[in-house]
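Take a look at the letters that make up each chain.
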Amino acid sequence: MKKQLILISTAIIITTGTVCAAPITKMLEAHYNDIKIEVNGDLIEPKDEDGNVVDPFIVDGTTYLPVRAIAEAFDKKVSWHENSSTVIIEDDIQSADNITHVEKKIYEKGEFIYENSLSSESDVADWVMEGQAKVTFPNGRMHMESVLDQSAGQAANFVYWCPQKFEDNIVIEWEFTPLSDEGLAIMFFGANGQDGRDLFDNSLTKRTGEYRQYHSSDINAFHVSYYRRSEPSERELNVANLRKSAGFHMVAQGADPIPTAKYKGLDPYKIKIIKATDCVLFYVNDLEIFRFNDDGSTYGDYIKEGYIGFRQKVPLEAEYANLKVYKIAQ
């Protein structure tokens, strides 16, 4: 409800500001005090449609925030209606109703191109860690946890990258076992630097595991967030999300069948992502959770080849095993 109230009040301010018969020019004294915006524990960097940073400011005791950045932080789409001078805020998500009217292509695994059991230190000797994490193999499976506690905020989170760059049109599989009741897991895929740069190009902004560095910076990627148990609302209704970045666009969502750790089964959960040029599918134990059909325009150009990486949000502890990547069969 808090989210809805923020958006509604913003819409009212916008609407009432456009009913004047003629434009009015006022001289205002604005104060810029390095105002930060935090949404559900994540700091966001407000930007305009062209990616330029827009700083919040204060006028006469009222704080003014850029509507596009705030709306997108709440998974809303923003547009401008020139004739009526109206900012329009709408849901920015591909609904199940839309998906059912799109042809559902069938994808099958083809040539095997990568395998990693994730069972020992030697298996990840060349992997790239961003952030501070402890990686061990007590059960012959990769066990990951942050070395910082929740009081460190976003600085306590981390991303662990596979160093191999994968082509487009692939199937990614791995096994996942949650060991703590709270936290959040993410898989990045198709990750690359912008402007033709490699993900690990030194000219890119330094990344340390903080979320905004991955969804609103100088890299492009898809990411699936699953086992979302950080906030009370996430624990009340378990869903998995697909976002396309840069831009932090939530493009698909589905029910997450993985139970809280204390209720988990004896076997690990088998996770699968199918990444075609124009379609992404997500599965848990062969159950389709969501499907996103990408037109290569609405949320930016197609994301193709790139890197894959595991991200965890504190205080999650989890185990991973048997990472496999296949080409999609022609």
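Residues numbered from 1 in each chain as written. Predicted model: local features only at pLDDT ≥ 70, side-chain atom pairs only at ≥ 80, totals over all residues. Heavy atoms only, no water.

*Asks:* How should the overall build of the protein be read in this particular structure?
*Replies:* Looking only at helices and strands, the protein has five helices and 21 strands in total. Burial analysis of the protein (330 residues in total) assigns 44% to the buried set. Sequence separation of at least 24 residues holds for 69% of the intrachain contacts in the protein that already meet a minimum separation of 6. Accessible surface, the protein: about 17,100 Å² in total, of which carbon and sulfur atoms supply 48%. (Helix = DSSP H or I, 4+ residues; strand = E, 2+ residues; numbered from the N terminus. Buried < 20%, exposed > 50% of the residue type's maximum accessible area, 1.4 Å probe, protein only. Contact = heavy atoms within 4.5 Å. Areas by Shrake-Rupley, 256 points an atom, 1.4 Å probe, with all protein chains shown as cover.)

*Asks:* Is there a simple way to explain the nonpolar core in this structure?
*Replies:* Nonpolar side chains in soluble globular proteins tend to be buried together. Within the largest apolar cluster, 46 residues are counted, with the highest numbers of intra-cluster contacts made by W174, Y226 and Y320. When near neighbours in sequence (up to four residues on either side) are disregarded, Y226 contacts W174, F176, L184, A185, I186, M187, A240, D256, I258, F282 and Y320. Judged by nonpolar contacts, the second largest core, of 14 residues, contains V159, W161, I219 and A221. (Core = buried A, V, L, I, M, F, W, Y, C linked by side-chain atoms within 4.5 Å.)

*Asks:* What is the right way to read the packing of aromatic side chains from this model?
*Replies:* Pairs of aromatic rings are described using the distance from one ring centre to the other and the angle between the two planes. Under the counting rule described, the total for this entry stands at 22 aromatic pairs. Where F189 meets F222, the ring centres are 5.6 Å apart and the plane angle is 20°; that geometry is what we call stacked. Taken together, the positions of F189 in strand 13 (residues 184-193) and F222 in strand 14 (residues 219-226) put the pair 33 residues apart, joining distant regions of the chain. With respect to burial, F189 and F222 carry one shared label: buried. Clustering of aromatic rings is evident, with ring pairs tying together W127, Y160, W174, F176, Y226, Y227, F282, F290, F310 and Y320. Over the face of the ring belonging to F248 we find R243, whose NZ or CZ atom lies 3.9 Å from the ring centre. Taking the ring centre of Y283 as reference, the NZ or CZ of K272 above it sits at 4.7 Å. (Phe/Tyr/Trp six-rings, centres within 6.5 Å; stacked < 30°, edge-to-face > 60°. Lys NZ or Arg CZ within 6 Å of the ring centre and 35° of its normal.)

*Asks:* Help me understand unusual backbone geometry in this model?
*Replies:* Negative phi characterises most residues that are not glycine, and trans characterises most peptide bonds. Residue A246 is reached from S245 by a cis peptide bond, and omega for that bond is 10°. Structurally, the position occupied by A246 is in the loop between strand 15 (239-245) and strand 16 (249-255). Following V314, the chain continues into P315 via a peptide bond in cis, with omega recorded as 10°. Here P315 is to be found in the loop between strand 20 (307-313) and strand 21 (318-328). Its identity is not glycine, yet D286 carries a phi of approximately 70°, on the positive side. On the secondary structure map, D286 appears in the loop between strand 18 (279-284) and strand 19 (287-293).

*Asks:* How should I be thinking about the side chain of N157 in this particular structure?
*Replies:* Mapped onto the fold, N157 is located in the loop between strand 10 (142-146) and strand 11 (158-161). Of the polar contacts made by the side chain of N157, one reaches the backbone nitrogen of V314; its length is 2.8 Å. (Polar contact = N/O pair within 3.5 Å; in protein donor to acceptor, adjacent residues only side chain to side chain.)

*Asks:* Got a minute to help me understand the sheet that holds strand 14 in this structure?
*Replies:* Hydrogen bonds between backbone groups are what pair the strands of a sheet, and the pairing can be parallel or antiparallel. Ordered by their spatial adjacency, seven strands build an open sheet running 8-11-20-13-14-15-16, and the pairing between neighbours is antiparallel. The open sheet is flanked by strand 8 (128-130) and strand 16, the only strands paired with a single partner. Put simply, the sheet's adjacent strands are angled 20° from each other on average, direction ignored. Across six bridges, the pairing between strand 15 and strand 16 is antiparallel. Bridge pairing links V239 to A255 in strand 16. (Pairing = 2+ DSSP bridges. Axes fitted to C-alpha atoms, helices over the stretch in contact; angles between N-to-C directions.)

*Asks:* Can you help me understand the pairing of strand 10 in this one?
*Replies:* Consecutive residues of a regular strand have side chains that alternate between opposite faces of the sheet. Most of strand 10 is tucked away, with four of its five residues classed as buried. Between the end of strand 9 (residues 133-136) and the start of strand 10, which pair antiparallel, lie five residues, with G140 showing a positive phi angle near 70°. Here strand 10 runs beside strand 21; their pairing, made up of three bridges, is antiparallel. Bridge pairing in strand 21 links M142 to Y320.

*Asks:* Looking at this structure, how should I read the environment of W174?
*Replies:* Counting through the fold element by element, W174 comes out in strand 12 (residues 170-178). Excluding anything up to four places from it in sequence, W174 contacts M187, Y226, Y269, K270, I271, I273, F310, Y320, A321, N322 and L323. A distance of 3.2 Å separates the side chain of W174 from the side chain of Y226, its partner in a polar contact.

Fair warning: the whole summary comes from geometry, so function is off the table for now.
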